[in-house]
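Spelled out, the chains give:
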Amino acid sequence: MHLPFRGRLKLLLASLTAVILLTWLYLLAGNLENGRSLLLSPCLSETPEARVLERAVLESRVREMEEENRQIRLQLNQLQGTAGQPADGGNYGNAAWGASADTGPEDVENTAEERANHTECPRSPTVLKCELIHVACVCAGHNASRDVVTLVKSILFHRRNPLHFHFITDAVANQILSSLFQSWMVPSVQVSFYDADELKSEVSWIPNKHYSGIYGLMKLTLTKALPSDLTKVIVLDTDITFATDIAELWAIFRKFTDKQVIGLVENQSDWYLGNLWKNHKPWPALGRGFNTGVILLYLERLRRIGWEQMWRLTAERELMSMLSTSLADQDIFNAFIKQNPVLVHQLPCFWNVQLSDHTRSEQCYTEVSDLKVIHWNSPKKLRVKNKHVEFFRNLYLTFLEYDGNLLRRELFGCPSQATSESVRLQGALEELDEDDQCYDFRRERITVHRVHLYFLQYEYTPAGDDTDVTLVAQLSMDRLQMLEAICKHWEGPISLALYMSDAEAQQFLRYAQASEVLKNRKNVGYHIVYKEGQFYPVNLVRNVALRNANTPYVFLADVDFLPMYGLYDYLRKSVVQLDMAHTKKALVVPAFETLRYRLSFPKSKAELLSMLDMGTLYTFRYHVWTKGHAPTNYAKWRTATTPYKVEWEADFEPYVVVKRDCPEYDQRFVGFGWNKVSHIMELDAQEYDLMVLPNAFMIHMPHAPSFDISKFRSSPGYRYCLQTLKEEFHQDLSRKYGAAALKYLTAQRNI
């Protein structure tokens, strides 16, 4: 049966060899005839005109030879494809994996290569240099918001075109992602948000067993959700990782026939074949069905054919027998395609390598260069079983921990439209003097740090009496060990800002998920401020935590202090007792410290005073920075039974409870020195009464010195710049509050 084919193959191979030999003989003869004078005259052949003529002749002959060789290779590939085509078109590895069924004549050569799912020289995407590419995602909740950042990083890493992201979000994801992109400031990237709540009524009538819930059906509504003038869009799940330029995928739109409206990759499991277990009854699908993790939607055409009505009718008809969906929107898409196969454009399988349970994706690729898009579509995610899962996991982790600051790059040849914020920052940067000794300090003040709010699950129900208090603090990686202890001491809501790199944020995530204490506390808001620059922007980080407190009052603390047991309830009672709602007060919580890493924490004021007398505890920083807390008047506090007022003094920096709308920290102060002092000074300038609480206390736990305090102690330049910033702060305070602020300048001069 195969003899005729082998004979024809041998004949073609012999012909190919003969043509190559004859071509070179012809080329040689042509050169001898047409360039005889050149060959006989070495002197003449060295002239520019002769070299140009000789090169033109050679190029002409080579082009003729390459065209003949290409035609013969094409015939060989077509014969091999015909001989190797299995009778069952549903098997993996057939032509459908590598190319669309509607491939036109102009794509024949590319299709022959795609059938092997590998090309030595991949074709460049036919996308205009600065063409805008639209990408849509449905994203809801804290976890999906983290996942989508990794997806976006992988897209930005490879992209060469401007992008417009369209996010269909719930309120949580909207808050997280809008803040993130606003602070990320990536050139040539636009972001739009659409309220998922407004779309729920479109799909809420569909029973769905999939873990994604109602949001797993939202992609059905995109023709309605997205702008009416948007003609096409790439739709992605949040658990996608790109390994190539998304423009290559966008370019496939040009391969759609006039009737095709949806581009999808075939499902890479046997789910829709219905043979995974006894009595397994999936929704109807064409062959193996299609996976909807990566979709090309031709919105303009979908609206034209009445997509909204068509998918609804399909869902209503199938639900009469199926009762619910198992794979959310994917079931309805497949049932629709089963009835309208002419509308689908089948994408090569490497555009959605599916790492789900029972996957057969291994038959989709043979080399790393084949991979375009990785889809972690198993509930197990990175723990899914696959013989190449380590490679896929490493690819994913690369983008998970990749420094997002490096993606703030301009596209070459595609200038982005300047935003008002970028113009303002550029103007502020140009005003700085690079010869200024304190240039780096001033530069830090206008640096925009990426911020990822609510990095972990957060749930908070407001108290009905408007007396609730949030503990507000900031920390870096070297203070993580304090979190569990703080959560044990403070049962109320906490707002923490963490200054970390992308990689450190993932380490923190693993730490929190492994901690029984932390993972059971849902009223702690963790906000990541990503590292950039050489200084620790301590007051910027504090302000992020302060802005995202959700209670009427805040306890402004540091993470290396443990509050006394019961302080949360005591502060709420004090808020009422001191009529904080109608007066300007800052409640001072006296600070103490221990030099012992293991401490039997005092359970009452009496026990603390006993430990103070025995030398187990000390008033905070009494031996190195007495002025910082001396105005608290610890001698009076020992016997006090009611709150008492103290006056502001120079360098006073107590830990206080204030209304949430208090002044923010001054962000010019970075690293060590004057970051809290300046804040208390402004509270006093705004006429806050400083009231010391008689039955409250907090204890500082020992730790290694920070890098910034070491710089302060060792660098005269650092101390000079801090003094310069202090003087400028005083001047700004005087301009802001007038004559009332002169006392701060006088007090500073008397030190």
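Provided above is the structure to which this section pertains.
A short tour of the structure in this document, coming up. Remember, it's a predicted structure, so these values are computed and weren't measured experimentally.

Rules and cut-offs
- Every chain is numbered on its own, with residues counted from 1 as its sequence reads.
- Totals for whole chains, interfaces and linings use every residue, but because this is a predicted model, local features are given only for residues with pLDDT of at least 70 and side-chain atom pairs only at 80 or more, for both listing and counting.
- With hydrogens and water excluded, all non-hydrogen atoms of the structure serve as input to the side-chain values.
- Secondary structure counts use DSSP, requiring at least four H or I residues in a row for a helix and at least two E residues in a row for a strand, with both numbered from the N terminus.
- We call two residues in contact whenever any of their non-hydrogen atoms come within 4.5 Å of each other.
- Here the open area of atoms and residues is found with the Shrake-Rupley method and a 1.4 Å probe, where only the protein chains shown may cover a residue.
- Two strands are counted as paired when DSSP detects at least two bridges linking them.
- Angles run from 0 to 180 degrees between N-to-C directions of axes, and those axes are lines fitted to C-alpha atoms, restricted for helices to the stretch in contact.
- Disulfide: a pair of cysteine sulfur atoms within 2.5 Å of each other.
- To sort residues, take the accessible area from a 1.4 Å probe on protein chains only and compare it with the maximum for the residue type: under 20% means buried, over 50% means exposed, and anything in between is partly exposed.
- A 3.5 Å cut-off defines polar contacts: any pair of N or O atoms within that distance qualifies, except that in protein one atom must be a possible hydrogen donor and the other a possible acceptor, and neighbouring residues in sequence count only when both atoms are side-chain atoms.
- Aromatic pairing here means that ring centres of Phe, Tyr or Trp (its six-membered ring) are within 6.5 Å. Orientation follows from the plane angle: under 30 degrees is stacked, over 60 is edge-to-face, and everything else is tilted.
- We count a charge as sitting over a ring when the NZ of a lysine or the CZ of an arginine lies within 6 Å of the ring centre and within 35 degrees of the ring normal.

**Quick look at the overall build of the protein**
When its secondary structure is counted, the protein shows 28 helices and 23 strands. Taking the intrachain contacts of the protein between residues at least 6 apart in sequence as the baseline, contacts between residues at least 24 apart amount to 79%. Summed over its atoms, the accessible surface of the protein is roughly 35100 Å², and 54% of this surface lies on carbon and sulfur atoms.

**Details of the sheet that holds strand E17 (residues 585-589)**
In space, the nine strands of this open sheet follow the order E11-E14-E13-E12-E15-E21-E17-E22-E20, with mixed pairing throughout. For this open sheet the edge positions go to strand E11 (451-452) and strand E20 (644-646), each flanked by a neighbour on one side alone. Here helix H19 (residues 502-514) sits on the sheet in contact with strand E13 (494-500) and strand E14 (524-530), set at roughly 135° to E13.

**Some thoughts on the state of the cysteines**
Counted by the stated rule, this structure contains two disulfides. A sulfur-sulfur distance of 2.0 Å marks the disulfide that ties Cys130 to Cys414. As the torsion about the S-S bond is roughly -95°, the Cys130-Cys414 disulfide counts as left-handed. Placement of the pair is Cys130 in the loop between helix H6 (108-114) and strand E1 (133-139) and Cys414 in the loop between helix H15 (389-400) and helix H16 (420-431), with a sequence separation of 284 residues. A residue is classified by how much of its surface remains accessible, and Cys414, at 3% relative accessible area, is buried. There is a disulfide in this structure between Cys438 and Cys721, and the S-S distance comes to 2.1 Å. Given an S-S torsion of about -100°, the disulfide between Cys438 and Cys721 has left-handed geometry. Taken together, the positions of Cys438 in the loop between H16 and helix H17 (439-445) and Cys721 in helix H27 (residues 716-737) put the pair 283 residues apart, joining distant regions of the chain. No difference in accessibility class separates Cys438 from Cys721, as the two residues are buried.

**Describing helix H22 (residues 567-577)**
Taken residue by residue, H22 has Leu567, Tyr568, Tyr570, Leu571, Arg572, Ser574 and Val575 as its buried positions. Buried residues in H22 make contact with strand E12 (469-476), strand E15 (553-556), strand E16 (561-563), E17 and strand E21 (655-659). Where H22 ends, the next residue or the one after it, Asp579, has phi of about 50°, a positive value.

**Brief notes about the side chain of Asn352**
Relative to the assigned elements, Asn352 resides in the loop between strand E8 (344-347) and strand E9 (353-354). You can call Asn352 buried: its relative accessible area is 0%. Here the side chain of Asn352 touches Asn291 through a polar contact of 2.9 Å, side chain to side chain. Ignoring sequence-local partners within four residues, the contact set of Asn352 consists of Val265, Gln268, Asn291, Gly293, Val294, Val373 and His375.

**Structural notes on the sheet that holds E8**
By way of backbone hydrogen bonds, the strands of a sheet pair with one another, either parallel or antiparallel. Strand order in the open sheet formed by seven strands is E3-E2-E1-E4-E7-E6-E8, with mixed pairing between adjacent strands. Here the strands that pair on one side only, and so sit at the sheet edges, are strand E3 (189-195) and E8. Mean inter-strand twist for the sheet, computed between neighbouring axes without regard to direction, equals 25°. As judged from the seven bridges shared by strand E2 (residues 163-169) and E3, these two strands associate in the parallel manner. Its bridge partner lying in E3, Phe165 is registered against Val191.

**Digging into the packing of aromatic side chains**
In the structure shown here, the tally under the stated rule is 34 aromatic pairs. Ring geometry for Phe441 and Phe535: centres 4.4 Å apart, planes at 40°, overall tilted. With Phe441 in helix H17 and Phe535 in the loop between E14 and helix H21 (538-547), this pair connects stretches of sequence that are 94 residues apart. Take Phe535: its relative accessible area is 5%, and that puts it in the buried class. Consider the rings of Phe592 and Trp637, whose centres lie 5.3 Å apart with planes at 50°: the pair is tilted. Of this pair, Phe592 sits in strand E18 (residues 591-593) while Trp637 sits in helix H24 (residues 634-639), and the two are 45 residues apart along the sequence. Considered together, Phe592 and Trp637 belong to a single accessibility category, that of buried residues. Through successive ring pairs, a cluster of aromatic residues spans Phe165, Phe167, Phe181, Trp184 and Phe193. We note Arg146 situated over the ring of Phe455; from NZ or CZ to the ring centre the distance is 5.7 Å.

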